[in-house]
Amino acid sequence: MNEFDRVRDYLTGLQDRICGAIEHADGQAHFIEDQWQRAEGGGGRTRILRDGAVFEQAGIGFSDVAGTRLPPSASANRPELAGASWRACGVSLVFHPRNPYLPTTHANVRYFQAERDGEKVAAWFGGGFDLTPFYPFDEDVQHWHNVARDLCAPFGDNRYAEHKRWCDDYFVLKHRNETRGVGGLFFDDLHGDFDTDFAYLRAVGDGFLDAYLPLVARRKDTPYGEREREFQLYRRGRYVEFNLVYDRGTLFGLQSGGRSESILMSLPPRVRWEYGFQPETGSDEARLAAYLVPRDWLTE
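This text gives an overview of the structure that appears in the document.

**Some remarks on the layout of surface pockets**
Empty space left among the atoms is revealed by rolling a probe the size of a water molecule over them. When its volume is computed, the second largest pocket comes out at roughly 330 Å³. Forming the boundary of the second largest pocket are 19 residues, of which Glu178, Tyr234, Arg235, Arg238 and Phe277 lie nearest the centre. By residue class, the composition of the lining of the second largest pocket is ten nonpolar, three polar and six charged.

What follows is the structure, encoded as structure tokens:
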């Protein structure tokens, strides 16, 4: 089996395992699958869970797509990719819980390779996971980052710090001067030793459930009212802003002629905007601002 097929097989299995775990955690709804093909090459399977007991919407997609011309979001400053054919596969998910006390979450793991005249000219791994709470709890954030640190440990003393910092720097709404959430891990263009890098990709993919499911168990039944729900919907607007303005995966998908429904499954099913909203001083809603600044969560 070649390297690309090894990654592809892992990713399809990962999608299956995460779907099973989330259906079990929800206890009510099930994923529906939408298989699709891309005219230029490849396709995928998008799975959506709607109106569950825990998740208002949970989307997880697998794609294996190919082409002969890269979009600007991928080819900028990469002269070695000029005139190369390419193929990319990945799993990407965004889960929007119903309960405002349970954070929204995102994860992505992917592999890209390019060839010219039958010779590989580039290949790399990317991915990560991040957490977006609306009513944050320190113990939840610390658990999230403990899992991230532990899965990074076999890959060097600096891996967690470097990819945690990359996550903090990437998931920023520059026009709001705030991070999208409390971070996690982010990496791209990882292209050292294939076996080592693939092992790290698997550690991140497998670690997602270890990081997220305990939060589901803790927060899914927390009582809430209309105030908390309205604040959740308002803060979901920030998620939309980031994904449509800054997210490179969204840009790559749209610019490369990807399937819009699958690319935009990351957007929440319900959201609201409010002009000039300011939370009440000292309120639980006002607490969130202190969490939208990068910090070392494991030493505080």
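**Points about the pattern of salt bridges**
All chains considered together, the criterion is met by 27 salt bridges. Members of the salt-bridge network, linked through shared partners, are Asp16, Glu33, Arg45 and Arg47.

**Thoughts on the packing of helix α3 (residues 138-152) against helix α5 (residues 194-219)**
Two numbers describe how α3 lies on α5: the axes approach to 9 Å, and their chain directions differ by 160°. The angle between α3 and α5 places the two elements in the roughly antiparallel class. Regarding α3 and α5, the two cross each other, and that crossing is right-handed. Between α3 and α5, the residues in contact are Glu139, Asp140, His143, Trp144, Val147, Leu151 and Cys152 and Tyr200, Ala203, Val204, Gly207, Phe208, Asp210, Ala211, Tyr212, Pro214, Leu215, Arg218 and Arg219, respectively. Taken together, the residues of the contact of α3 with α5 sort by class into twelve nonpolar, two polar and five charged.

**Quick notes on the sheet that holds strand β4 (residues 85-97)**
The seven strands lie next to each other as β1-β2-β3-β4-β5-β6-β9, forming an open sheet whose pairing is antiparallel. Since the sheet does not close on itself, it has two edges, and those belong to β1 (32-37) and β9 (183-190), each with one partner. Between one strand and the next, the sheet's axes are offset by a mean angle of 5°, whatever the strand orientation. Two strands pair when backbone bridges link them, and β1 and strand β2 (residues 42-50) are joined in this way by six bridges, in the antiparallel orientation. Looking at β2, one finds that Trp36 is bridged to Gly44. In the packing of α3 onto the sheet, the strands contacted are β5 (104-116), β6 (119-132) and β9, and the crossing angle to β9 comes to about 35°.

Reading guide: rules and limits
- In this numbering scheme, every chain counts its residues from 1 along its sequence in written order.
- Local features are withheld for residues below a pLDDT of 70 in this predicted model, meaning they are given only at 70 or higher, and side-chain atom pairs are given and counted only at 80 or more; totals for whole chains, interfaces and linings count all residues.
- Only hydrogens and water are set aside when side-chain values are computed; all heavy atoms of the structure are taken into account.
- Here a cavity means grid points, on a 1 Å grid over the protein atoms only, where a 1.4 Å probe fits yet cannot get out; a pocket means an open set of points with protein on both sides within 12 Å along at least five of seven lines; lining residues are those with an atom within 4 Å of a point.
- Grid points are joined across faces, edges and corners, and a volume is the space filled by probe spheres set on the points.
- Amino acids outside the nonpolar list (Ala, Val, Leu, Ile, Met, Phe, Trp, Tyr, Cys, Pro) and the charged list (Asp, Glu, Lys, Arg) are all regarded as polar, and Gly is one of them.
- The term salt bridge refers to a pairing of a side-chain nitrogen on Lys or Arg with a carboxyl oxygen on Asp or Glu at a separation within 4 Å.
- Axis definition: a line fitted to C-alpha atoms, limited for helices to the stretch in contact. Angles are taken between N-to-C directions and run from 0 to 180 degrees.
- Helix numbering and strand numbering both begin at the N terminus, where a helix is a DSSP run of H or I of at least 4 residues and a strand a DSSP run of E of at least 2.
- Between 65 and 115 degrees an angle is taken as roughly perpendicular, under 35 as roughly parallel, over 145 as roughly antiparallel, and anywhere else as oblique.
- The crossing is said to be left-handed when, going from far helix to near helix, the turn is anticlockwise and less than a right angle, and right-handed when the turn is clockwise.
- What makes two residues a contact is simply this: any of their non-hydrogen atoms within 4.5 Å.
- By definition, two strands form a pair when at least two bridges between them are found by DSSP.

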